[in-house]
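# Coordinates in review
The chain contents come next:
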Number of protein chains: 4
Amino acid sequence: MSQRLVNLDDYEAAARSLLDEQAFEYVASGAGSETTLRANRTAFDDLELLPRMLHDVSRIDTTVELFGKIHSLPVLLAPTGYHRLMHPLGELETILGANMADCTLVAANFATETFVSVQAQAARPQWFQMYVQSDRTFTRDLLQEVLSAGCEAVCVTVDQPVNAIRDREARIGFELPKGMERANLKRLGSAVAGAAHSPQGFHIYNAVRASDLTWKDLEWLRGECPVPLMLKGILHPDDAVMAQQSGCDGIIVSNHGGRALDGVQSTIAALPAIVEAVGPGMTVLMDGGIRRGTDVVKALALGAKAVLLGRPYLFGLAVDGAAGVARVVNLLRMECQIAMGLLGCQDLSQIQPQLLHRKR
Amino acid sequence: MSQRLVNLDDYEAAARSLLDEQAFEYVASGAGSETTLRANRTAFDDLELLPRMLHDVSRIDTTVELFGKIHSLPVLLAPTGYHRLMHPLGELETILGANMADCTLVAANFATETFVSVQAQAARPQWFQMYVQSDRTFTRDLLQEVLSAGCEAVCVTVDQPVNAIRDREARIGFELPKGMERANLKRLGSAVAGAAHSPQGFHIYNAVRASDLTWKDLEWLRGECPVPLMLKGILHPDDAVMAQQSGCDGIIVSNHGGRALDGVQSTIAALPAIVEAVGPGMTVLMDGGIRRGTDVVKALALGAKAVLLGRPYLFGLAVDGAAGVARVVNLLRMECQIAMGLLGCQDLSQIQPQLLHRKR
Amino acid sequence: MSQRLVNLDDYEAAARSLLDEQAFEYVASGAGSETTLRANRTAFDDLELLPRMLHDVSRIDTTVELFGKIHSLPVLLAPTGYHRLMHPLGELETILGANMADCTLVAANFATETFVSVQAQAARPQWFQMYVQSDRTFTRDLLQEVLSAGCEAVCVTVDQPVNAIRDREARIGFELPKGMERANLKRLGSAVAGAAHSPQGFHIYNAVRASDLTWKDLEWLRGECPVPLMLKGILHPDDAVMAQQSGCDGIIVSNHGGRALDGVQSTIAALPAIVEAVGPGMTVLMDGGIRRGTDVVKALALGAKAVLLGRPYLFGLAVDGAAGVARVVNLLRMECQIAMGLLGCQDLSQIQPQLLHRKR
Amino acid sequence: MSQRLVNLDDYEAAARSLLDEQAFEYVASGAGSETTLRANRTAFDDLELLPRMLHDVSRIDTTVELFGKIHSLPVLLAPTGYHRLMHPLGELETILGANMADCTLVAANFATETFVSVQAQAARPQWFQMYVQSDRTFTRDLLQEVLSAGCEAVCVTVDQPVNAIRDREARIGFELPKGMERANLKRLGSAVAGAAHSPQGFHIYNAVRASDLTWKDLEWLRGECPVPLMLKGILHPDDAVMAQQSGCDGIIVSNHGGRALDGVQSTIAALPAIVEAVGPGMTVLMDGGIRRGTDVVKALALGAKAVLLGRPYLFGLAVDGAAGVARVVNLLRMECQIAMGLLGCQDLSQIQPQLLHRKR
Ligand SMILES: Cc1cc2nc3c(=O)[nH]c(=O)nc-3n(C[C@H](O)[C@H](O)[C@H](O)COP(=O)(O)O)c2cc1C
Ligand SMILES: Cc1cc2nc3c(=O)[nH]c(=O)nc-3n(C[C@H](O)[C@H](O)[C@H](O)COP(=O)(O)O)c2cc1C
Ligand SMILES: Cc1cc2nc3c(=O)[nH]c(=O)nc-3n(C[C@H](O)[C@H](O)[C@H](O)COP(=O)(O)O)c2cc1C
Ligand SMILES: Cc1cc2nc3c(=O)[nH]c(=O)nc-3n(C[C@H](O)[C@H](O)[C@H](O)COP(=O)(O)O)c2cc1C
């Protein structure tokens, strides 16, 4: 089947015809009128590439070092909830694909399999994405649990203190199917672990994500977390600087893949001002709309150290299980190599702002 | 039915299939080539939101004070004619929805039920939208009547001294159905109270709206009106300043929902220069194209104190009567709360220009 | 029939279904890829109107004086060839419509009825549009003939020294039907008077339009022409100045309705620089894409003294003969009045640049 | 058949219905998401033409001198592979069309007939487009062979050191049909001469194009090449300057017709900065998206000495063999003459930057 799927977008089309509507809509949709979801893609088109000729590109090196570890590609798998909607084995299947593609998975707080059980299958240690819960003790205990299991780094997602507007989910009445729950949150009781993530009636808060988190809590988290700590969901340079001052090791410039507040800037447009604000001392990652090797190159040219990939690997998982995840990553790897070769770049250090020209 | 209607635009689609063509076209259409009607929506997309993270948003307050009264949401129901086209009970049904949603209705001069009879059902005092008639005595008498009935504020609509071009209405030969008339104008005789509001043949004037109104008349009106007086339909900063100098308490930046002169600026684009021109001393409201909570936030960030909602509540009325009106308002309320929460704002005072970035 | 036709574009749609393909394509099409044809319309959308309120508009005056004559509307009927394609009586029918609408027709050199015969029916003297022929003596004789018949002004069209690319005409093999010819050119022999106006094979020149016309010829023409002389087809400010220096009384900013060189600027975009270059001493008219009253107002605000209307009146002629021509003009008249009323203008002198705001 | 084909785009439509999918997709498609393929066309629309009137254009001269030879039109046939996909006689048919249209063919390295055999039929000496192979000796020998056969100039294509992403080819599994091979490379063995030109599996390199070519190799090539030497595929002003410093006689500003790296600038947008960087001493050609006479004029106005035409003549070849090639060129010739005539230009030297206005 996946022979004919030649790029990442093809996986979305294939998944659409394979998945049931609930699962597909959950993954593919964005917040509000999906303005930001679309902008995450179209904003890449405003950046033109300026290739240089007659560089020897007979060897191309895509490796990058993040927090002291080597990654064979500047691409990680973004944290995304509920993989069992895509595949019966859920995250346990995803990790096999990540292994095949030699790629790090950022495990979601809202995974349908526990961090610990997935880590047991992982060739590379997972990173862990955290939502802080109202019950801070629970949060701390969960953090200790993933750290003990070998978690390499922690990303705290900060861009959804209240539920987002998800019209496509609301229209189909999306809810977690019976028997599926947020495995990492099981100890909070199954009412909570299975709770809906959308506004119920007109209620905008959620049992599994604190709405009162502030920079103060971050100091506490920093203390609890001996591994690299990142904030995920930063869009404003001033927040990036605050993250830095709060002792974070990195930030992920992200708008949650256009799923949180609709109408915010695309991440590729937001990236440069943030990179400038924090300076070279901080690790800046980004995600949102990465679908092509040239997208990766553009993000790196604007100062991201690496990017995260969201929906496409979920569609790979839906279409072909682990093999689909791996093929999605490897297509992107090939596209990165080709982009570098045609730009005249031998390794990632040569991907610099001068390769880009802002259209209009 | 309205369960599946998850946002304000859904109500338009639903109304289209429920209403007869005459009624739907009357409400949905705009002037001329509908350039301004479209611009009223698309101009919001030129404004990107810049959210801030890690603010405590566990309590969100959407109340605003207008002329000394508290409104639970910075949203009023805009004056719109002929509610009986939407619902057999017309404005008498609308007001029940306004009551349910704790929202102020700006009663239209061209209502199909009298201000007085609607006010009798109103939980909150209505505002009154005035067109000045050629017969100024009649106008003064009507004004006294609504004031006695408890009208809280008066908006004089100034943007239609002549009939507008309404191609979609002309094409279907729109006219008020037999038995429906402008109840507030009944004393002018039923020929006038039921007169067409579009050009007849090539005649551009209208029996029920004066075309010779000037700033002089405003002095007179100011004298007759002990409650807050606003002008509705201001688009030019200089006119806003003249309104201020003429003793008006507020202005409504409006292009009549794209129904008056086609080709004028969208209201969200016109707003900032007007706010700057009049300074903080004057209450500036706006309407036109408000369909999402983020639209409300953008208008407030640019200096509007509150906004008015037009077509969507009419569609709510058509789809579900009072319950539809209330649900439309409450959807917008929820969207406002979510927008504020995701932006990091606890109350309306925190909605400031820095939250916006002008694209292009 | 034309009851349901509520604006000028409606006449195009109606004509499309009534006319045979040859005639419709001839009129509706533009040169090349029709980039300029489209730009002539879309460029109006880049100009937003800034209306002013509370001006007395109970009387609106649309009259304008051109070369000492009063026109009831700042709109003339542009010169267009071959009216018998639209209506069996051709220009003899058109002129009746012009009479009904009290509007001046600019008779085309390539009319299918002679200037003289049409002038015999005309309530207002026609203007005459000239193409200079290779045989300058013939041209001079024709000029004397139309002048004797009462021609009020002469426009020399200068924008088609070679045949244009007309793909839609080429595709259907457009040619003048048997029995139709350029009546004014009959004395050149019927081979010439009926000659094709498109490239034949790869031959780009045309028997009925000189390709070697220069500013020198203009001096000669000026000498032959005691009535106001204009150049039609000017797009460059320097050419406008040269026209002025050559003693022309006016220019018509025109790109031949997007039928000459595709890829040139829209006329509404070209207008302001030309008006500035020639100063107030010269009469500047414009045409191209006028379809709405607001288009007329925009052109006047940018300095045009009046505009010419092309395709729409031809469609009116096709749909309803003289009555169609008249109704098209009167629809535009009403739209002009409404635009002025809603802008707060009582007469054309009040239509000033400040009414416009350039978008983007 | 080709009577009804009135412009170059029509030939694409006709070829689509005549060719088998493999051949059509190979020619028509571009790299990646085809952003650059589209930009190559749309970027021409950002340049508006400023025509001048009343110039004598009764004689129009389109000849240009390149490296001491006169060309009747500033248009060459770009190097494109595998003409036997279009026509059974391949390049042997193409050259007959080039002869008929008095036009120079730039023979592709990847032709399906040898340079020598095609040259034997050529009225004008061909230019030769080279890819340097890993085996530099082979490359040198081939170069000597084409030079002996009378090659007039050499273009080294430098923009594809690695295989490009060609989704449309991948989707249909494009490969050279049995019995077709790169005739000029036959001596490398038929495995190589027939090797696929797209990534195989995830392998990005290609047996027939070196990936380690650098500016050093260029010195060597310069020494081997007594005729004019050009680089094809330059997009960056600095690379243009390096070409100049390396002793090249010319450059071709090209993005390989949007077939190499997707996301790079359109060539018409890239052209001006390159022309400025190299100054008047160097011959700058360009290709990419030329479909209209006005495109040729725009390229010349921005400093190109001539342009190359790619896909359209292939479609001509597919539709009508040599006659189709010739008609495509002659349509373009006529369009160039018309554009010049309507702009007021008698010869190419009059095509200057002042004829253009950059929109937006
Ligand atoms: C189905 C889905 C679920 C997601 N769940 C989470 C989550 O639980 N936590 C989180 O921080 N981000 C979540 N995200 C956001 C992703 O981490 C990432 O920011 C986004 O998908 C990147 O954009 P892309 O999908 O365009 O690549 C989710 C995204 C999707 C598509
Ligand atoms: C059906 C309809 C009738 C209207 N009637 C009036 C009216 O009688 N007086 C008035 O001042 N505005 C009238 N308006 C304009 C509204 O007050 C308001 O300015 C506009 O609807 C806001 O734009 P929106 O519909 O996009 O929200 C009307 C609007 C509509 C849609
Ligand atoms: C069918 C047709 C024939 C025309 N013939 C002539 C002509 O013979 N002489 C001339 O100067 N302009 C001619 N024009 C151009 C018009 O005078 C005018 O410039 C143009 O139509 C204005 O644009 P519009 O059609 O968008 O209103 C012709 C236009 C059309 C549509
Ligand atoms: C089917 C096809 C094959 C091509 N093969 C080659 C080639 O072998 N070598 C080369 O330098 N350029 C090649 N090109 C690029 C052309 O030389 C030229 O740059 C491009 O086609 C110009 O763009 P256009 O097709 O829009 O006119 C090819 C283009 C096409 C369409």
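Each remark here, short or long, concerns the structure printed above.
Criteria and thresholds
- Residues numbered from 1 in each chain as written.
- Chains lettered and ligands numbered in written order.
- Predicted model: local features only at pLDDT ≥ 70, side-chain atom pairs only at ≥ 80, totals over all residues.
- Heavy atoms only, no water.
- Near = heavy atom within 4 Å.
- Polar contact = N/O pair within 3.5 Å; in protein donor to acceptor, adjacent residues only side chain to side chain.
- Areas by Shrake-Rupley, 256 points an atom, 1.4 Å probe, with all protein chains shown as cover.
- Helix = DSSP H or I, 4+ residues; strand = E, 2+ residues; numbered from the N terminus.
- Nonpolar A, V, L, I, M, F, W, Y, C, P; charged D, E, K, R; others polar.
- Least-squares fit on C-alpha atoms with pLDDT ≥ 70 in both.
- Expected span 1.5 Å × (residues − 1).
- Bend = angle between axes of the 7 residues up to and from the residue.
- Buried < 20%, exposed > 50% of the residue type's maximum accessible area, 1.4 Å probe, protein only.
- Disulfide = S-S within 2.5 Å.
- Pairing = 2+ DSSP bridges.
- Right-handed = clockwise from strand over helix to strand, strands pointing away.
- Phe/Tyr/Trp six-rings, centres within 6.5 Å; stacked < 30°, edge-to-face > 60°.
- Lys NZ or Arg CZ within 6 Å of the ring centre and 35° of its normal.
- Contact = heavy atoms within 4.5 Å.
- Buried area = accessible area lost by both parts, 1.4 Å probe.
- Salt bridge = Lys/Arg side-chain N within 4 Å of Asp/Glu carboxyl O.

All names here are of chain C. Around ligand 3, the structure places 21 residues, and the nearest of them are Pro79, Thr157, Asp287, Gly289 and Arg311. Within the contact set of ligand 3, an oxygen atom lies 2.7 Å away from a side-chain nitrogen or oxygen of Thr157. In this structure, an oxygen atom belonging to ligand 3 sits 2.7 Å away from a side-chain N or O atom of Asp287. Calculation on ligand 3 without its partners gives an accessible area of 600 Å², and the protein chains cover 98% of this total. Of all the secondary-structure elements, those providing two or more residues to the shell around ligand 3 are α2 (21-28) and α13 (311-343). A breakdown of the residues in the shell around ligand 3 according to their chemical character gives six nonpolar, ten polar and five charged.

Once chain C is rotated about the relating axis by 90 degrees and shifted along it by 0.0 Å, it coincides with chain D to within an RMSD of 0.0 Å. Read as a symmetry element, the transformation amounts to a four-fold axis. Every residue of chain C has its C-alpha some distance from the rotation axis, and the shortest such distance is that of Arg360 of chain C, at 5.9 Å.

Time to look at α13 of chain C. All names here are of chain C. For α13, which comprises 33 residues, the first-to-last C-alpha distance of 27 Å sits more than 12% below the rise-based estimate of 48 Å (1.5 Å per residue). If you look at α13, its biggest bend is around 140 degrees, right at Asp320. Here α13 lies mainly inside the structure; 31 of its 33 residues are buried. The first or second residue beyond α13 is Gly344, which carries a positive phi of 90 degrees.

Right, let's get into the state of the cysteines. Disulfide: a covalent bond connecting the sulfur atoms of a pair of cysteines. Applying the stated criterion across every chain yields a total of zero disulfides over all chains. Not part of a disulfide, Cys155 of chain D finds its nearest cysteine sulfur in Cys151 of chain D, a span of 8.2 Å.

Okay, the pairing of strand β7 (residues 154-157) of chain D next. The side chains of a regular strand alternate between both faces of the sheet. Residues and elements named next belong to chain D. By the alternation rule, side chains of β7 split into Val154 and Val156 and Cys155 and Thr157, which are all buried. Alignment of strand β6 (residues 127-130) against β7, held across three bridges, turns out to be parallel. Bridging from a neighbouring strand, Phe128 pairs with Val154 of β7. Remark: the β6/helix α6 (residues 136-148)/β7 crossover connection has right-handed handedness.

With that settled, the discussion passes to the packing of aromatic side chains. By the definition in use, this model includes 24 aromatic pairs over all chains. With a centroid separation of 4.9 Å and 5 degrees between ring planes, the pair formed by Tyr26 of chain A and Phe174 of chain A is classed as stacked. With Tyr26 of chain A in helix α2 (residues 21-28) and Phe174 of chain A in the loop between α7 (167-172) and α8 (190-193), this pair connects stretches of sequence that are 148 residues apart. Members of the aromatic cluster, each reached through a chain of ring pairs, are Tyr26, Tyr82 and Phe174 of chain A. Taking the ring centre of Tyr131 of chain B as reference, the NZ or CZ of Arg209 of chain B above it sits at 5.3 Å. One cation-aromatic arrangement involves Arg182 of chain D over Phe110 of chain D; the distance from NZ or CZ to the ring centre is 4.5 Å.

Taken together, the contact pairs 33 residues of chain C with 40 residues of chain B. Contact between chain C and chain B buries roughly 3100 Å² in total, counting both sides, with carbon and sulfur atoms accounting for 63%. Broken down residue by residue, the surface that chain C buries against chain B is led by Met53, Leu54 and Leu342 of chain C, which jointly contribute 26%. On inspection of chain C and its partner chain B, the count reaches four salt bridges. Between Asp167 of chain B and Arg292 of chain C there is a salt bridge, with its nearest N and O atoms 2.7 Å apart. Elements with a contribution of two residues or more to the side of chain C that touches chain B: β1 (47-49) and α13 of chain C. Tallying contributions element by element places α13 of chain C first for the side of chain C that touches chain B, with eleven residues. Grouping the constituent residues of the side of chain C that touches chain B by class yields 15 nonpolar, eight polar and ten charged.

It is worth spelling out unusual backbone geometry at this point. Although it is not a glycine, Asp102 of chain B sits at a positive phi angle of roughly 55 degrees. Within the secondary structure, Asp102 of chain B sits in the loop between α4 (91-100) and β5 (106-107). For Asp102 of chain B, a relative accessible area of 36% gives the class partly exposed. Backbone geometry at Glu34 of chain C places phi at a positive 60 degrees, although glycine is not the residue there. Of note, Glu34 of chain C is situated in the loop between α2 and α3 (35-45). In this structure Glu34 of chain C comes out as buried when scored by relative accessible area, which is 13%.

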